[in-house]
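As a plain string of letters, each chain reads:
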Amino acid sequence: MWLDSIDDIDSWEIWAQASETKEEQKEKKDRYTKSLAWIQRTQKDEKKAKKDNDNLINIIIEILKDPKYDILIPFVVDLLKIEAPSNFILWGLSLVYDDAAIVIRRNYSKNDSLILKESEILIPVNYKKKDEIIEFNEESLDPLLRKRINEWIEDIYSVISFDPSSIISKKFLTIIWKKEKEVFINMLCSVLTFFFYELNIAIPKDIAFKYSDFILWEIKKKVESLKLEEI
């Protein structure tokens, strides 16, 4: 019978060889305790990862039905190839796909005030886009759009902080320290460009990259600040 809890280890110790010293028994118990804790943490992380994967798959299936999102698919695929965390990809898409934003707000927030009605989550419906394409200007950016971008960034903070996974967090940091960092930035850049273009605003490529690099840097700092359980 497998050990189902740390308490079972105490019962197992009664059966341990009498020839062992107390120090040896304690060392063995500590080793089994750590092993069991690692298994429990891994199972929890795997369960969380499966939920993230399921949410992302459902959103991707829906996005594939609308040709206007085709331009974003290669960037999503590139992230999937390097096994980027599903919740990061889902969050990225949430800026331009309302259903993804709803999933993020309803599943990755500890703050009950963020469990909002769909109409309160979507891209600002009161924003009046221009008839012709205008160039992006940060200083004159409509407050509604500025608010939406800020909410989007706050959402990733909620995703990171909500029941953080040690395995997923460390994997994310490992990936962005390598050359794959560019894959994350490309995804963010494409999403920002798409978001503004849909509103008839053309954001220069260099500015989109600058913002994307800054956002990824802030995300990295947030992940590094987590007090993750060490196993």
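Whatever comes next refers back to the structure up there.
Everything numeric in this text was worked out from a predicted model, so none of it was measured. (Residues numbered from 1 in each chain as written. Predicted model: local features only at pLDDT ≥ 70, side-chain atom pairs only at ≥ 80, totals over all residues. Heavy atoms only, no water.)

**Considering the overall build of the protein chain**
(1) Moving on: What the protein chain contains, in helices and strands, is ten helices and two strands.
(2) Moving on: Its helices and strands taken in sequence order, the protein chain reads α-α-α-α-α-α-β-α-α-α-β-α from the N to the C terminus.
(3) Moving on: A buried classification covers 40% of the 231 residues belonging to the protein chain.
(4) Moving on: The contacts of the protein chain with a sequence gap of at least 6 include a subset with a gap of at least 24, amounting to 75%.
(5) Moving on: Summing over all exposed atoms, the protein chain offers an accessible surface of approximately 14,300 Å²; the carbon and sulfur share of this is 55%. (Helix = DSSP H or I, 4+ residues; strand = E, 2+ residues; numbered from the N terminus. Buried < 20%, exposed > 50% of the residue type's maximum accessible area, 1.4 Å probe, protein only. Contact = heavy atoms within 4.5 Å. Areas by Shrake-Rupley, 256 points an atom, 1.4 Å probe, with all protein chains shown as cover.)

**Notes on helix α7 (residues 143-161)**
(1) Moving on: If you check α7, its first and last C-alpha atoms are 27 Å apart, about what 19 residues at 1.5 Å a residue would give, namely 27 Å.
(2) Moving on: Looking at α7, one finds that the buried residues are L145, R148, I149, W152, I153, D155, I156, Y157, V159 and I160.
(3) Moving on: Between a side-chain oxygen at the N-terminus of α7 and the backbone nitrogen of L144 the separation is 2.8 Å; the capping residue is D142. (Expected span 1.5 Å × (residues − 1). Polar contact = N/O pair within 3.5 Å; in protein donor to acceptor, adjacent residues only side chain to side chain.)

**A look at the pattern of salt bridges**
(1) Moving on: Here the structure, examined in full by the defined rule, presents eight salt bridges.
(2) Moving on: Notably, a salt bridge pairs D155 with R105, separated by 2.7 Å at the nearest N-O pair. Of the two residues, D155 sits in helix α7 while R105 sits in helix α5 (residues 98-107), which places them 50 residues apart along the sequence.
(3) Moving on: A relative accessible area of 3% places D155 in the buried class.
(4) Moving on: Here D213 makes a salt bridge to K181, at a shortest N to O gap of 3.5 Å. Of this pair, D213 sits in helix α10 (residues 205-224) while K181 sits in helix α9 (residues 181-198), placing them 32 residues apart in sequence.
(5) Moving on: Using a relative accessible area of 34% as the deciding quantity, one classes D213 as partly exposed. (Salt bridge = Lys/Arg side-chain N within 4 Å of Asp/Glu carboxyl O.)

**Notes on the packing of α7 against α9**
(1) Moving on: Relative orientation of the contacting elements α7 and α9 amounts to 155°, with a least axis distance of 12 Å. As judged from the angle between their axes, α7 and α9 are roughly antiparallel. When the axes of α7 and α9 are compared, the crossing they make is right-handed. Counted together, L145, R148, I149 and W152 of α7 and L188, V191, L192, F195 and F196 of α9 form the full contact between these two elements.
(2) Moving on: For the contact of α7 with α9, a count of residues per class yields eight nonpolar, no polar and one charged. (Axes fitted to C-alpha atoms, helices over the stretch in contact; angles between N-to-C directions. Parallel < 35°, antiparallel > 145°, perpendicular 65-115°, else oblique. Left-handed = near helix turned anticlockwise from the far one by under 90°. Nonpolar A, V, L, I, M, F, W, Y, C, P; charged D, E, K, R; others polar.)

**A few points about the nonpolar core**
(1) Moving on: Counting 58 residues, the largest nonpolar core has F88, L93 and F184 as its most contacted members.
(2) Moving on: In terms of residue count, α9 provides more of this core than any other element does, eleven residues in total.
(3) Moving on: With sequence-adjacent residues up to four places away left out, F88 is seen in contact with L79, I156, F172, F184, L188, L216 and I219. (Core = buried A, V, L, I, M, F, W, Y, C linked by side-chain atoms within 4.5 Å.)

**Points about the environment of Y69**
(1) Moving on: The residue Y69 is located in the loop between α2 (22-63) and α3 (73-81) in this model.
(2) Moving on: Judged by its relative accessible area of 6%, Y69 is buried.

**Quick word on the packing of α3 against α9**
(1) Moving on: Here α3 crosses α9 at 155°, and the two axes come no closer than 9 Å. The angle between α3 and α9 falls in the class roughly antiparallel. When you trace α3 past α9, the crossing you get is left-handed. Across from F75, V76, D78 and L79 in α3, the residues of α9 making contact are V183, F184, N186, M187 and S190.
(2) Moving on: Looking at the contact of α3 with α9 residue by residue, the classes come out as six nonpolar, two polar and one charged.

**A look at the packing of aromatic side chains**
(1) Moving on: Here the structure, examined in full by the defined rule, presents eight aromatic pairs.
(2) Moving on: Pairing F195 with F196 gives two aromatic rings, centres 5.1 Å apart and planes at 75°, and the pair type is edge-to-face.
(3) Moving on: Note on F196: relative accessible area 3%, which makes it buried.
(4) Moving on: Aromatic rings pair up to connect F88, W91, W152 and F184 into one cluster.
(5) Moving on: Over the ring of Y157 we find K222, and its NZ or CZ is 5.5 Å from the ring centre. (Phe/Tyr/Trp six-rings, centres within 6.5 Å; stacked < 30°, edge-to-face > 60°. Lys NZ or Arg CZ within 6 Å of the ring centre and 35° of its normal.)

Coordinates in, geometry out; function isn't part of it.
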